[in-house]
Amino acid sequence: MQFRYLDLIRECNPLVHCMTNIVVTNFSANGLLALGASPFMSTMSEEAAEIQQFSNALLLNIGTIHDFDVDAMIIAGQAANQHGVPVVLDPVGAGATAYRRTTVKKILDKVNISAIRGNVSEVAFLAGVAWQVKGVDAGRGNGDIAEIARITAQKYQCCVAISGEIDYISDGKQVAKIYNGTTLLPKITGSGCLLGATVGAFLGVAEKGDEFHACLEAGTGFAVAGELAAQGLNNQLGSFAVQFINQLADLTSEKINQLARIEYV
Amino acid sequence: MQFRYLDLIRECNPLVHCMTNIVVTNFSANGLLALGASPFMSTMSEEAAEIQQFSNALLLNIGTIHDFDVDAMIIAGQAANQHGVPVVLDPVGAGATAYRRTTVKKILDKVNISAIRGNVSEVAFLAGVAWQVKGVDAGRGNGDIAEIARITAQKYQCCVAISGEIDYISDGKQVAKIYNGTTLLPKITGSGCLLGATVGAFLGVAEKGDEFHACLEAGTGFAVAGELAAQGLNNQLGSFAVQFINQLADLTSEKINQLARIEYV
Amino acid sequence: MQFRYLDLIRECNPLVHCMTNIVVTNFSANGLLALGASPFMSTMSEEAAEIQQFSNALLLNIGTIHDFDVDAMIIAGQAANQHGVPVVLDPVGAGATAYRRTTVKKILDKVNISAIRGNVSEVAFLAGVAWQVKGVDAGRGNGDIAEIARITAQKYQCCVAISGEIDYISDGKQVAKIYNGTTLLPKITGSGCLLGATVGAFLGVAEKGDEFHACLEAGTGFAVAGELAAQGLNNQLGSFAVQFINQLADLTSEKINQLARIEYV
């Protein structure tokens, strides 16, 4: 399989409607622009449905929501479902508080999701699997994570991307492990959130039925850009954030194909 | 004509009250600080009127508004009108959705605007001119844009700045075309929004009746800084955003005078 | 006295719940990550109390608040008090508008604060001391500022950090003056707000009764990082913001001990 969706993003400039949190709006929009996508950052319920008429993907990120934001997300999500626009859910902090647990369930009850992007503790909560991030050793954890990705994808009939030292992508049948990446990515705020938006951009140009490959290219491309950005840096987190946007802007499907380190489990 | 308002900004540090969207708050504030202005970022209706007592300019940017934000903007705008504080309107996405169309009209009905800053599709909507950004060839487009700037300025009796490959500034009589700039500016989020804030800073120190020259210096200075920031860069968008703030901090009226490439039509 | 809390932050990764303004969310979170702390950016009243069960510090920053944010801050603050979580108040713009004056008083009435971080005009308002930032000469001002810090600390029985050319830290008895720093810090937006969050991280690992030293290490470390970041730069504000995060990521208690220039008054 050859990745090719990033080149299509640069050609088609898919509009990604991001309903996301107040911490990452700027970084997410700049990341999407660097990839060739067209970010539309709007949280207003009044236009949430209308935007789906011309949107190519919708991102629902619950990082910093008020009740009126949740309402707007559900309006947007249902309109996206109606118009066949893929919806990405980023369940930030799901499991951490009762309000987030309730909110995520409310969204999943009312909106059909194409892809979920989260870290392992967030996705484990969605899977209904007990998970303690601290105290889990890497060996056992690795095996578990693939299974959590698969279970969650089956449960919600969507793709699942779990971010971590190794990234896991699943559609409920296949699970791919991405070995690209850098330890610097989780040290800059909003890197996971930007990956959620990136998954949106890739789904926005993907063929129906090929969502797994779109998510896999998104995750791999993102990790490759991180890897390249970290070269020559030694925990200079300010410079890394800048270099990461540079690398996203310079990324191509060809580069992803060349540098991808993927294992299927 | 010699530009001189930027030097006055560095001398007087005008306070620019920015009621702007959640994507660009940080970048706008840093850009204003780099120019020597003093950003006051507040969206609260409770203090929207009071701030106009000591504000030098007010920016209303509808990028991500809720109804309560619109109410606050109108309170601020009317108080600004009362105190003679210039008001800049940035009609982000006007024309894209019904809610934005209604919101922009509501603001224009209730607040006297000193300057409008937008891209051609946003301003064309305000002018009531049919405009399809995609599918318009450059030749015909160029001529039309000058006319759209002039018509809009006449209609709302204010200055109009249209951002694009070439920038257009008009006060309803004169139209100036700015040839400075770089293709990288539209690839970083909030560059247009920061230009709106920048117009505010320039109007905040301008003499009454000289708004056209203030807007022209703002637009030209901004484009010159972009041009200088792009030197030696090749689509490294992360580095460009950093260099752009560096160049704004290093900009002087003298530099703008030397590098300006302006044509009057 | 040897500083040592920063090393403890890197070891324990204290969770700092930041209820802060929309301008500085991203910069504050990246700064905390660079220091080794774990930022939790949430403004929702629904989870404001619950978060205090696992939070190590709470930051209340009134930069851009709506009424519902103030309610959430008070819920969070009272829960923090109940669970012994230290609370930092950043009274942004206190004194500038009636709404901010009322809001700050409301918070101080209902929440016990461990530390206040502000500039001299903000803290002078809290102290009830008349203060005109403009028109105060440095000589007289310097003496006054130490006294304002001490009075405010006594009045609210907390630590006080006043940011400026020289920083002042007081617990109502001792006052320390920090001579480290750079003129570039106040020229990037959110530097003061990030210092407030930083004070939270330090209090999050400090021993009970040692809050003064924790605040002093926070303020000194922050100023040292600024000093190092400014080296070789000449008003390049974009680069400075990047270098500042780099320096925070590279900072150690040892480095602070070596470079600290502190005077007790």
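Higher on the page you've got the structure.
So, here's what we can say about the structure. From a predicted model like this one, the values you see are computed outputs, not experimental measurements.

1. Examining the relation of the copies chain C and chain A
Okay, step 1: Of the transformation placing chain C onto chain A, the axial shift is 0.0 Å and the rotation is 120°, giving an RMSD of 0.0 Å. Taken together, the rotation angle and the small translation identify this as a three-fold axis. For chain C, the smallest separation between a C-alpha atom and the rotation axis is recorded for C:Ile22, amounting to 3.7 Å.

2. Some remarks on the interface of chain B and chain A
Okay, step 1: Taken together, the contacts link 27 residues of chain B with 23 residues of chain A.
Okay, step 2: When the area that chain B buries against chain A is broken down by residue, the three leading residues are B:Ile22, B:Val23 and B:His66, summing to 24%.
Okay, step 3: Applying the counting criterion to the chain B and chain A interface returns 2 salt bridges.
Okay, step 4: Here B:Arg101 makes a salt bridge to A:Glu50, at a shortest N to O gap of 3.9 Å.
Okay, step 5: For the pair chain B and chain A, the number of links is 10 residue pairs in polar contact (both at pLDDT 80 or more).
Okay, step 6: Those elements that place two or more of their residues in the side of chain B that touches chain A are helix H4 (67–83), helix H5 (98–110) and helix H10 (237–250) of chain B.
Okay, step 7: The class makeup of the residues in the side of chain B that touches chain A is 14 nonpolar, 9 polar and 4 charged.

3. Regarding the nonpolar core
Okay, step 1: Judged by nonpolar contacts, the single largest core of 259 residues is most densely connected at A:Ile162, A:Phe244, B:Phe244, C:Ile162 and C:Phe244.
Okay, step 2: Core analysis: the second largest hydrophobic core is formed by 40 residues, B:Ala72, B:Ala80, B:Val87 and B:Ile107 among them.

4. Re the packing of helix H9 (residues 211–230) of chain C against helix H10 (residues 237–250) of chain C
Residue and element names in this part refer to chain C.
Okay, step 1: Close contact between H9 and H10 brings their axes to 8 Å; oriented N to C, the two are set at 130°. It follows from the interaxial angle that H9 and H10 lie oblique. Handedness of the H9/H10 crossing: right-handed. On H10, the residues that touch Phe222, Ala225, Gly226, Leu228, Ala229 and Ala230 of H9 are Phe240, Gln243, Phe244, Gln247 and Leu248.

5. A short note on the pattern of salt bridges
Okay, step 1: All told, the structure shown has 21 salt bridges over all chains when counted by the stated rule.
Okay, step 2: In this structure, the salt-bridge partner of B:Glu47 is C:Arg100, at a minimum N-O distance of 2.7 Å. Placement of B:Glu47 in helix H3 (residues 45–51) and of C:Arg100 in helix H5 (residues 98–110) is noted, with the two residues assigned to different chains.
Okay, step 3: One salt bridge connects B:Glu147 with B:Arg150, and the closest N-O pair in it is separated by 3.6 Å. Placement of the pair is B:Glu147 and B:Arg150 together in helix H7 (residues 138–156), with a separation of 3 residues, close to one helical turn.
Okay, step 4: Classification of B:Glu147 as partly exposed rests on a relative accessible area of 39%.

Procedures and definitions
- Residues numbered from 1 in each chain as written.
- Chains lettered and ligands numbered in written order.
- Predicted model: local features only at pLDDT ≥ 70, side-chain atom pairs only at ≥ 80, totals over all residues.
- Heavy atoms only, no water.
- Least-squares fit on C-alpha atoms with pLDDT ≥ 70 in both.
- Contact = heavy atoms within 4.5 Å.
- Buried area = accessible area lost by both parts, 1.4 Å probe.
- Salt bridge = Lys/Arg side-chain N within 4 Å of Asp/Glu carboxyl O.
- Polar contact = N/O pair within 3.5 Å; in protein donor to acceptor, adjacent residues only side chain to side chain.
- Helix = DSSP H or I, 4+ residues; strand = E, 2+ residues; numbered from the N terminus.
- Nonpolar A, V, L, I, M, F, W, Y, C, P; charged D, E, K, R; others polar.
- Core = buried A, V, L, I, M, F, W, Y, C linked by side-chain atoms within 4.5 Å.
- Buried < 20%, exposed > 50% of the residue type's maximum accessible area, 1.4 Å probe, protein only.
- Axes fitted to C-alpha atoms, helices over the stretch in contact; angles between N-to-C directions.
- Parallel < 35°, antiparallel > 145°, perpendicular 65-115°, else oblique.
- Left-handed = near helix turned anticlockwise from the far one by under 90°.

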